[in-house]
Amino acid sequence: MKDISIVVPLFNEEESIPELVSWIDQVMTREGYDYEVILVDDGSNDGSWKCAKNLSAKDERIKGISFRRNYGKSAALYCGFEKAEGNVVITMDADLQDSPEEIPEMYRMIVEEDYDVVSGWKQHRQDNKLTKNLPSKLYNATARCITGIKLHDMNCGLKAYKKEVVKSIEVYGEMHRYIPYLAKNAGYTKIGEKPVHHQKRKFGKSKFGMERFVNGFLDLMSLWFLSTFGKKPMHFFGYTGIFMFIVGFVMTAWIIIAKLINQANHLKYRAVTDQPLFYLALVAVMIGVILFLAGFICEMISRTSSDRNKYNVKETI
């Protein structure tokens, strides 16, 4: 069993791969770790995969996976996690902005302090403040509020995990940003943070644009909904539907009663169907019924799901 598996997703990073692998080897050799590096080529169209194969031919500790096309970072991490054999799994980006010098301390926090996850915190980012730093602060504040995990940099690529954590979670879509939240939902709640050195990009350019913040927020809301109501959708749709139905019913009753009172007292009144509020009430009732039925359908789908009774067991005696 190896001490450390280092999973490195890469996309068009031909120039940086040799330097990164050499830097990792220097740190691992100095610390005396038995390690492996898993390079996951996410459909690069430069010489990244050829470079990875050349490095692997010279050192059996360098392993690789190559996708036929670009699937995204989550897919790369998922496949890397499947292949990882180390007791501690480290993830880092291939662009040389993450420093391998941080690995020994993160490894120690996992092994000695028994953290399930240790996330890097780029306190002093070397990115453009307007396009990355400020949006990142807002994004992380929102993530802390929704997930309840007090991390300053949820999206930092440099992280360390116990092996059992990465084997227990499924990373898909663009959920790589929220692996600590996935781990928390799987029952791994001891999540720590370590300030890490962040370097300027040496080669190429960033593969992520401003749209990642919008996509990230939408993914976060999806993940929150699934983790909260994934196995009990009727609790969301049913409560919401009942609330809307009651609102519509009360509005309708109010209109009818007001008309009857005015009519009994020989006061001026409007026909129920002449009042806009009546149609709003009908819409509210219809929405309530639709949501309630949607809850039933979701419950039926949930009950027939193959993982409806899939639980993460810590140990048995």
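Below, the discussion takes up the overall build of the protein. Helix and strand counts for the protein stand at 10 helices and seven strands. Out of the 317 residues in the protein, the part that is buried amounts to 43%. Relative to all contacts within the protein whose residues are 6 or more apart in sequence, the contacts with residues 24 or more apart total 79%. Surface accessibility of the protein: about 17,700 Å² in total, with carbon and sulfur atoms responsible for 58%.

What follows is about helix H2 (residues 48-58). Residues three or four positions apart in an α-helix share a direction because the helix packs 3.6 residues into each turn. Turning to H2, its buried residues number three or more, namely Ser-48, Cys-51, Ala-52 and Leu-55. Down the axis of H2, the sector holding all buried residues measures 100°, keeping them to one side. In this structure, H2 carries Lys-50 and Ala-57 as exposed residues pointing more than 90 degrees from its buried face. In this structure, the buried residues of H2 make contact with strand S1 (4-10), helix H1 (17-31), strand S2 (35-41) and strand S3 (62-66).

On to the packing of aromatic side chains, then. Where two aromatic rings form a pair, the distance of their centres and the angle of their planes describe that pair. With the rule as written, the count across this model stands at six aromatic pairs. Where Phe-236 meets Phe-237, the ring centres are 5.1 Å apart and the plane angle is 85°; that geometry is what we call edge-to-face. Ring geometry for Phe-278 and Tyr-279: centres 5.4 Å apart, planes at 75°, overall edge-to-face. With a relative accessible area of 14%, Phe-278 lands in the buried category. Judged by its relative accessible area of 42%, Tyr-279 falls in the partly exposed class.

This part is about a nonpolar patch on the surface. Taken together, the side chains of Ile-242, Phe-245, Ile-246, Phe-249, Val-250, Val-289, Leu-293 and Phe-296 make up a nonpolar region of the molecular surface, amounting to roughly 740 Å² of accessible area. Mapped onto the nonpolar patch, the elements with two or more residues apiece are helix H9 (233-264) and helix H10 (276-303). Examining the composition of the nonpolar patch, we find that five residues originate from one element, H9, more than from any other. Its place among the elements puts Phe-296 in helix H10.

Calculation notes
Residues numbered from 1 in each chain as written. Predicted model: local features only at pLDDT ≥ 70, side-chain atom pairs only at ≥ 80, totals over all residues. Heavy atoms only, no water. Helix = DSSP H or I, 4+ residues; strand = E, 2+ residues; numbered from the N terminus. Buried < 20%, exposed > 50% of the residue type's maximum accessible area, 1.4 Å probe, protein only. Contact = heavy atoms within 4.5 Å. Areas by Shrake-Rupley, 256 points an atom, 1.4 Å probe, with all protein chains shown as cover. Arc of directions from axis to C-beta. Phe/Tyr/Trp six-rings, centres within 6.5 Å; stacked < 30°, edge-to-face > 60°. Patch = residues over 30% accessible without salt bridge, like charges linked within 9 Å, V, L, I, M, F, W, Y side chains within 5 Å. Salt bridge = Lys/Arg side-chain N within 4 Å of Asp/Glu carboxyl O.

Everything listed is a geometric property; what it means functionally is a separate question.
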